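A closer look at the structure
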Amino acid sequence: DGRLTFYPGNQTVDLPFVNFMKRYGTVFLNAYTNSPICCPSRAAMWSGLFTHITESWNNFKGLDPDHVTWMDLMEKHGYRTQKFGKLDYTSGHHSVSNRVEAWTRDVEFLLRQEGRPMVNLTGDKTHVRVMEADWQNTDKAVNWIKEEAINLTQPFVLYLGLNLPHPYPSPYAGENFGSSTFLTSPYWLEKVTYEAIKIPKWSSLSEMHPVDYYSSYTKNCTGEFTKQEVRNIRAFYYAMCAETDAMLGEVISALKDTGLLKKTIVIFTADHGELAMEHRQFYKMSMYEGSSHVPLLVMGPDIKEQQQVPHVVSLVDIYPTMLDIARTPAPRNLSGHSLMPLLRGKAEDEASPRGSRPSWVLSEFHGCNVNASTYMLRTGKWKYVAYSDGRSVLPQLFDLSEDPDELTNLAMKFPVIVRSLDKILRAIVNYPKVSSSVQEYNKRQFMSWKQSLGQNYSNVIANLRWHQDWLKEPKKYEDAIDKWL
């Protein structure tokens, strides 16, 4: 959650290396994902293109494996490149459950698709390495810096992808369990200031926007939660962020120890945020700030120190920025703009040769846990969220300066603003058309999957992640799918 990198979010947990990057570099106060879910978000970051252009519709459908990324171009222009850890930007990953839930989101049924969010404390006050796989990848990156990077005569680019602070799989929920367990150790929990944790306000279930209600239900969050439960989920999430920060610290320390820090640009960001029980949801897949607002910190030579940039930016800006750093020409068709003028502390009018940076960012979502394609336009103090064809589902409008918690939908109150923002949105993306093509794609994919299973279909679909609901009335749900098809 990008809001943890600046005040007041940073009061809840100690993040020393994020703070180090703020002191010696620049923090973006309004950085957004272009799609609040792993694979489509990463597809946007690695391609520099909006989600509707790459057609990365869900966690199963990302970029083609042969897509030219910024790292490919940097390698072509003489950079030594190295990747460790989670990449997750090409098609074909994630569980069958994840795919089928995304394809069937237009079906007229409500099924819980996740385990109920919960916390799990492990180890004792000496237990530092909770997310072992991430630590192993961090060790690999550190060793590469100390053994390889230090001896290179050419410039290098190193990518380290971490899983944390993503919640962990929840085996109690069955074989297709979702990842709804917030897991940490007492060592990391001590870094969290419990008194500073805000308990989010919730609308009553009956007052929720219909898409939010669907999301809350499929994420298994419509039941009763005590304040203590909510506070714990948030605290454990912050503790997981503290562990992530320590991994960032290992990389910064390795650069410092080798004398490379002074001549290396370091970028810290994320594919999406975490709602951590805001708006009666956990996970991402939402345009609310907790889910769509990402951290973005940059430090290094020529980067202005102790700078806070208020401009709206998004992950598609990473591609042209990397090429700008490498002094390599960028492809013409990119959706993003280089961040280098802002990072050097220059005025907007000295921006990139491609013309000035737009005053808006776009995020869109077409995957599971949400029953309509969603489009978010963030510009100035406004956040405008449109759904589906723009007619069948009411839009949302939030004034983030007055209502940072996004509790009051102003769409009915300000129809003129809604119309003007909708016009800008439609100029960027013909969203009714995109929504319709996603619906067709979902149907095609589901049909071919169903046919591939033959006689086994009923058994397989009944035992996906929603099995606890499905098995009570399997015929009802199969009929709903047939009706949709």
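Residues numbered from 1 in each chain as written. Predicted model: local features only at pLDDT ≥ 70, side-chain atom pairs only at ≥ 80, totals over all residues. Heavy atoms only, no water.

Here's the deal with the overall build of the protein
If you tally the helices and strands in the protein, you get 17 helices and 12 strands. Its C-alpha atoms put the protein at 65 × 55 × 50 Å along the principal axes. Across the 485 residues that make up the protein, the buried fraction comes to 59%. Within the protein, counting contacts between residues at least 6 apart in sequence, those at least 24 apart form 73% of the total. Accessible surface, the protein: about 20,500 Å² in total, of which carbon and sulfur atoms supply 50%. In the protein, 53 side chains carry a positive charge and 54 a negative one; their mean positions are 3 Å apart. (Helix = DSSP H or I, 4+ residues; strand = E, 2+ residues; numbered from the N terminus. Buried < 20%, exposed > 50% of the residue type's maximum accessible area, 1.4 Å probe, protein only. Contact = heavy atoms within 4.5 Å. Areas by Shrake-Rupley, 256 points an atom, 1.4 Å probe, with all protein chains shown as cover. Lys, Arg positive; Asp, Glu negative; His and termini not counted. Charge placed at Lys NZ, Arg CZ, Asp CG, Glu CD.)

Structural notes on the packing of aromatic side chains
Scanning the entire structure with this criterion turns up 24 aromatic pairs. Aromatic pair F109 and W470: ring centres 6.1 Å apart, planes at 80°, arrangement edge-to-face. Placement of F109 in the loop between α5 (96-103) and β3 (118-121) and of W470 in helix α16 (residues 467-470) is noted, with a sequence separation of 361 residues between them. Relative to Y431, the ring of Y375 has its centre 5.2 Å away and its plane inclined at 40°; by these criteria the two rings are tilted. Note that Y375 is positioned in strand β10 (residues 374-379) and Y431 in helix α14 (residues 431-453), a separation of 56 residues in sequence. Note on accessibility: Y375 and Y431 belong to one class, buried. Counting every residue linked through ring pairs, the aromatic cluster contains F109, W466, W470 and Y477. Here the basic side chain of K450 rests over the ring of Y457, its NZ or CZ set 4.8 Å away from the ring centre. (Phe/Tyr/Trp six-rings, centres within 6.5 Å; stacked < 30°, edge-to-face > 60°. Lys NZ or Arg CZ within 6 Å of the ring centre and 35° of its normal.)

Quick notes on the nonpolar core
Formed by 77 residues in total, the largest nonpolar core has its most connected members in M21 and L255. A total of 17 residues in this core trace back to one element, the largest contributor, which is helix α9 (residues 227-257). In contact with M21, not counting residues within four places along its chain, are T26, L248, I252, V266, I267, F268, L297, V298 and M299. One finds W103, V107, L111 and A411 within the second-largest nonpolar core, a separate group that totals 40 residues. (Core = buried A, V, L, I, M, F, W, Y, C linked by side-chain atoms within 4.5 Å.)

A few points about the pattern of salt bridges
The tally for this structure, following the rule as stated, stands at 22 salt bridges. Taking the shortest distance from any N to any O, the salt bridge between K125 and E190 comes out at 3.1 Å. Of this pair, K125 sits in the loop between β3 and α6 (132-147) while E190 sits in the loop between α7 (186-189) and α8 (210-218), and the two are 65 residues apart along the sequence. Of the two residues, K125 and E190, neither departs from the other in class, the shared state being exposed. With a shortest N-O distance of 2.8 Å, R129 and D139 are connected by a salt bridge. One end of the pair, R129, is in the loop between β3 and α6; the other, D139, is in helix α6, and 10 residues separate them in sequence. Exposure remark for D139: the relative accessible area of 25% places this residue in the partly exposed category. (Salt bridge = Lys/Arg side-chain N within 4 Å of Asp/Glu carboxyl O.)

Structural notes on the sheet that holds strand β11 (residues 382-387)
Across the sheet, which stays open at both edges, the 4 strands sit in the order β9-β10-β11-β12 with antiparallel pairing between neighbours. Strand pairing shows two members of the sheet lacking a second neighbour, β9 (360-365) and β12 (396-399), which therefore form its edges. With direction set aside, neighbouring strand axes in the sheet form an average angle of 15°. Alignment of β11 against β12, held across 4 bridges, turns out to be antiparallel. For V385, the partnering residue across the bridge sits in β12 and is Q396. Against the sheet, helix α13 (residues 415-428) contacts β9, β10, β11 and β12, and its axis sits at roughly 65° relative to β11. (Pairing = 2+ DSSP bridges. Axes fitted to C-alpha atoms, helices over the stretch in contact; angles between N-to-C directions.)

A short note on α14
In this model, α14 (23 residues) spans 33 Å end to end at C-alpha, consistent with the 33 Å of a helix rising 1.5 Å per residue. G454 sits one or two residues past α14 and shows a positive phi near 55°. (Expected span 1.5 Å × (residues − 1).)

Overview of unusual backbone geometry
Cis peptide bonds are those with omega within 30 degrees of zero, and the linkage from Y7 to P8 qualifies with 5°. By the element assignment, P8 lies in the segment before α1 (16-24). Following L164, the chain continues into P165 via a peptide bond in cis, with omega recorded as 0°. Along the chain, P165 falls in the loop between β4 (156-161) and β5 (181-184). Even without being glycine, Q306 reaches a positive phi, approximately 50°. Relative to the elements of secondary structure, Q306 occurs in the loop between β7 (296-299) and β8 (307-314). Unusually for a residue other than glycine, S388 sits at a positive phi of about 50°. Among the secondary structure elements, S388 is positioned in the loop between β11 and β12.

A few points about the domain arrangement of the protein
Examined at the domain level, the protein breaks down into domain 1 (16-359) and domain 2 (449-484). With centres defined by C-alpha atoms, the gap from domain 1 to domain 2 works out at 33 Å. Listed by partner, the interface residues are 22 residues for domain 1 and 15 residues for domain 2. Regarding the contact of domain 1 and domain 2, the summed buried area is about 1,700 Å², with carbon and sulfur atoms giving 62% of it. Viewed at the interface, domain 2 and domain 1 are joined by 3 salt bridges. R465 is the salt-bridge partner of E114, the closest N and O atoms lying 3.6 Å from each other. Taken together, domain 1 and domain 2 are joined by 4 residue pairs in polar contact (both at pLDDT 80 or more). Considering each element in turn, the side of domain 1 that touches domain 2 owes the most residues, 6 residues, to α5. (Domains from an automatic or database assignment. Buried area = accessible area lost by both parts, 1.4 Å probe. Polar contact = N/O pair within 3.5 Å; in protein donor to acceptor, adjacent residues only side chain to side chain.)

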